[in-house]
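One-letter residues, chain by chain:
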Amino acid sequence: MTDTLPDRLSINPKSPFYDEALLLRGIGVRFKGTEKTNVEEYCISEGWIRVSAGKAVDRKGNPLTMLLKGPVEVWIKDDQADEA
């Protein structure tokens, strides 16, 4: 497995930026210095994350999301467990 993280990653299987193997390893996302656990998609180079907006869903059952802009940091969580 590769340890390089993609610039953009999504948890939606229909997205072209979906990577199941990488998501199974666990990805940590820090946005503006705070670790986020509800991130649906991120882009490091453009500096944004997409988070779910509560429990609201659209008519197809997909969660409604909000785009937040700011500095984004990501890491692989299983690597952090090996270091500890």
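Residues numbered from 1 in each chain as written. Predicted model: local features only at pLDDT ≥ 70, side-chain atom pairs only at ≥ 80, totals over all residues. Heavy atoms only, no water.

Student: How would you explain the overall build of the protein if you had to name every residue and give the values?
Tutor: Across its full length, the protein carries two helices and seven strands. The globule rule puts the C-alpha radius of gyration for 84 residues at 12 Å, and the 13 Å found for the protein is close to it. With the principal axes as the frame, the protein shows a C-alpha extent of 45 × 25 × 25 Å. Taken over 84 residues, the protein has a buried fraction of 29%. Restricting to contacts in the protein with at least 6 residues of sequence separation, those with at least 24 account for 49%. Taken together, the 12 basic and 14 acidic charged side chains of the protein have centroids lying 12 Å from each other. (Helix = DSSP H or I, 4+ residues; strand = E, 2+ residues; numbered from the N terminus. Rg over C-alpha atoms; globule rule 2.2 N^0.38 Å. Buried < 20%, exposed > 50% of the residue type's maximum accessible area, 1.4 Å probe, protein only. Contact = heavy atoms within 4.5 Å. Lys, Arg positive; Asp, Glu negative; His and termini not counted. Charge placed at Lys NZ, Arg CZ, Asp CG, Glu CD.)

Student: Give a description of the nonpolar core that names residues and reports values.
Tutor: Within the largest apolar cluster, twelve residues are counted, these being L9, L22, I27, V29, F31, V39, Y42, I49, V51, V72, V74 and I76. Of all the elements in the fold, those that place two or more residues in this core are strand 2 (27–31), strand 4 (39–43), strand 5 (48–57) and strand 7 (72–76). Sequence-distant contacts of V39, that is, excluding residues within four places in its chain, are made with I11, V29, I49, R50 and V51. (Core = buried A, V, L, I, M, F, W, Y, C linked by side-chain atoms within 4.5 Å.)

Student: Any chance you could break down unusual backbone geometry for me, citing the residues and the numbers?
Tutor: The phi angle at K32 is positive, at roughly 55°, despite the residue not being glycine. By the secondary structure assignment, K32 is in the loop between strand 2 and strand 3 (34–36).

Student: Talk me through the sheet that holds strand 6 (residues 63–69); I want residue IDs and the actual numbers.
Tutor: The sheet built from four strands is open, its strands ordered 1-4-5-6 with antiparallel pairing. Single-partner strands in this sheet number two, and they are strand 1 (8–10) and strand 6. On average, each strand axis in the sheet is tilted by 20° relative to the strand beside it, whichever way the strands run. By the bridge criterion, four bridges tie strand 4 to strand 5 in an arrangement that is antiparallel. Bridged to Y42 within strand 5 is I49. (Pairing = 2+ DSSP bridges. Axes fitted to C-alpha atoms, helices over the stretch in contact; angles between N-to-C directions.)

Student: Which residues make up the environment of L24, and what values go with them?
Tutor: Considering the arrangement of structural elements, one finds L24 in helix 1 (residues 20–25). Once the C-alpha coordinates of L24 and C43 are considered, the two residues, 19 residues apart in sequence, prove to be 19 Å apart.

Student: Any details on the confidence of the model for the protein? Residues and values, ideally.
Tutor: Taken as a whole, the protein shows an average pLDDT of 88; of its residues, 90% reach a score of 70 or greater. Across the protein, the element-wise mean pLDDT spans from 60 in helix 2 (residues 77–83) up to 95 in strand 1. (pLDDT = per-residue confidence, 0-100.)

Student: Account for the pairing of strand 4, naming residues and giving values.
Tutor: With four of five residues buried, strand 4 lies mostly within the body of the structure. Hairpin remark: strand 4 followed by strand 5, antiparallel, with four residues in the connecting loop; positive phi at G47, about 70°.

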